[in-house]
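Breakdown of the fold
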Amino acid sequence: MARMAAAVMVVAVMAAAVLAGGARAQLMEGFYMHSCPQAEKIIKEYVEQQTPSVPGIAATLIRTHFHDCFVRGCDASVLLNATGGNEAEKEATPNLTLRSFKFIDRIKAIVEKECPGVVSCADILALAARDSVVAIGGPSWSVPTGRRDGTVSIKQEALDQIPAPTMNFTELLQSFQNKSLNLADLVWLSGAHTIGIAHCNSFTERLYNFTGRGGPQDADPSLDKVYAAHLRQPNKCPTPTDNTTIVEMDPGSFKTFDISYYRNLLKRRGLFQSDAALITDAASKADILSVVNGPPDFFFKVFAGSMVKMGAIEVKTGTEGEIRKHCAVVNKH
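Keep in mind the model is a prediction, meaning the values are calculated, not measured.

Take empty space enclosed by the protein next. A complete count under the given rule lists one cavity of 30 Å³ or more for this structure. Computed from the structure, the largest cavity encloses a volume of approximately 60 Å³. Ser142, Arg147, Met307, Val308 and Gly311 are, among the 13 residues lining the largest cavity, the residues nearest its centre. Of the residues that constitute the lining of the largest cavity, the class distribution is nine nonpolar, three polar and one charged.

Given below as C-alpha cells:
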C-alpha cells in the first residue's frame, strides 16, 4: 500500500519535478499561454474529433512519442524526412509501421495557421499523444511545453537506441536507464501495449524458430502453448515469414486502456519477448502484481507519472534547435 500511495504522490508532483535543473527547467505548463493561447485547445479538439474515425491512433501516437524521445530526446526528429541521401529515423525498421506522420502534419498545419512559427512539432506530438489516450478513456497527465525541434535525424541511431521487441530484461532495463528512466518506468510504460496492434514478423520467431531448428515445435518455451497455437492459426500468423498480417497486442481488449495486458503477462501471454521478459525479474514482477491487485486507478496514475518523465528526456529548449514550419523538414535558413 505504501508503494501505491507513493505512486499517487509522484503524479501530483511530477510536473514540478520536471522543472528541476538543466534544460528541463525551461519546460513549463502553459508555455504558449501568451504566444499562442489557443494551441493546446486546437490540438485537443482535433484529436477528440478524429480519434473515433482513425482506429488505433492513440496507440501509434504513444509509440511515435516514445520512439522520438528515445533518440536525441523529445525533439520530433522521428518526424523528419531523409535529406541528401542520408537515411532518417523514420526509415529504421522500428519506425516503418508508425502511422501518425500525416496526422501530426495536419495538426501542425492548423496550429501554424493560428500562430505561425510558434508551436514546435515536438510539443504537438507530446500533447497529441496525451490527448489521444484521454480520448479513448485512458489516463491524462501533465505535459509541460517549451520543447524545441531538432534538425538532425539518423536512421542508425533509431536502430541502436529504440528498445527492440526481442530484448531480454537486462537489455531492456539498460536501454531505459540510458535515458534516465528506471525499472518502474520500464514496467509502467510497457503498459502502453494494452492498446494497439503488431505485425506478425515482429514476434513470429517465438512461434516457429526460437532456437533455430525451425517449425511450430520450435516455439519459445516462455510463451503459453495455447496462446502460441492461437497465434499460428490461419487467420493470424500461419507462416514465419508473414510481414503483413496484424494481431492484437492485448487480445480482446486492444482498444481499451486497462490492466489486461499485465494479466496476460502473468499467464505467459505477452506477445513480444520484451513483454515476456518483464516477469523474469522479481522486482518487475512485483510491480506487475501491484497493478493487477491494486485499486482500479493505480495503473493510470503510475503510467501518467512515467509518461511525464519520458516526455522530458533530453529536451531542447531556449535557443536550441528550432520551431519547424513543417514537421517533416527543417527550416530553410
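This part takes up the UniProt feature "active site" (unreviewed entry) in the protein chain. Taking the numbering used here, the UniProt-annotated feature "active site" (unreviewed entry) corresponds to His67. Residue position: His67 is located in helix H3 (residues 57-69). The contacts of His67, once residues within four sequence positions are left out, are Pro94, Asn95, Leu98 and Ile162.

On to the state of the cysteines. Scanning all chains against the criterion turns up four disulfides. A disulfide bridge connects Cys69 with Cys74, and the sulfur atoms are separated by 2.0 Å. Residues Cys69 and Cys74 share a disulfide whose torsion about the S-S bond is about 120 degrees; that sign makes it right-handed. Judged on exposure class, the residue Cys69 and its partner Cys74 are both buried. The disulfide that involves Cys200 links it to Cys237, with 2.0 Å between the sulfurs. Measuring handedness by torsion sign, the sulfur bridge of Cys200 and Cys237 sits at about -80 degrees and is left-handed. Highlighted residues: Cys200 in the loop between strand S1 (197-199) and helix H9 (205-208) and Cys237 in the loop between helix H10 (225-231) and strand S2 (246-248), separated in sequence by 37 residues. Taken as a pair, Cys200 and Cys237 share a single burial class, namely buried. Within the protein chain, bonded cysteines paired by disulfides and numbered along the sequence follow the pattern 1-4, 2-3, 5-8, 6-7.

Conventions we followed
- The residue numbering used here restarts from 1 in each chain and proceeds along that chain's sequence as written.
- pLDDT decides what is reported in this predicted model: residues at 70 or higher carry local features, side-chain atom pairs at 80 or more are listed and counted, and totals for whole chains, interfaces and linings draw on all residues regardless.
- The basis for every side-chain value is the complete set of non-hydrogen atoms in the structure, without hydrogens or water.
- With a 1 Å grid spanning the protein atoms alone, the term cavity applies to any set of points in which a 1.4 Å probe fits but cannot get out, the term pocket to an open set with protein on both sides within 12 Å along at least five of seven lines, and the term lining residue to any residue with an atom within 4 Å of a point.
- Grid points are joined across faces, edges and corners, and a volume is the space filled by probe spheres set on the points.
- Any residue that is not Ala, Val, Leu, Ile, Met, Phe, Trp, Tyr, Cys, Pro, Asp, Glu, Lys or Arg is counted as polar, Gly included; the first ten are nonpolar and the last four charged.
- UniProt positions are given in the numbering used here, feature names are shortened, and annotations may be inferred rather than shown by experiment.
- Starting at the N terminus, helices and strands are each numbered in turn, a helix being any DSSP run of H or I of at least four residues and a strand any DSSP run of E of at least two.
- Contacts were defined at the residue level, with two residues in contact if any of their heavy atoms lie within 4.5 Å.
- Put simply, a disulfide is two cysteine sulfurs that come within 2.5 Å.
- Type-normalised accessible area, obtained with a 1.4 Å probe on protein chains alone, sets the label of each residue: buried when under 20%, exposed when over 50%, and partly exposed for intermediate values.

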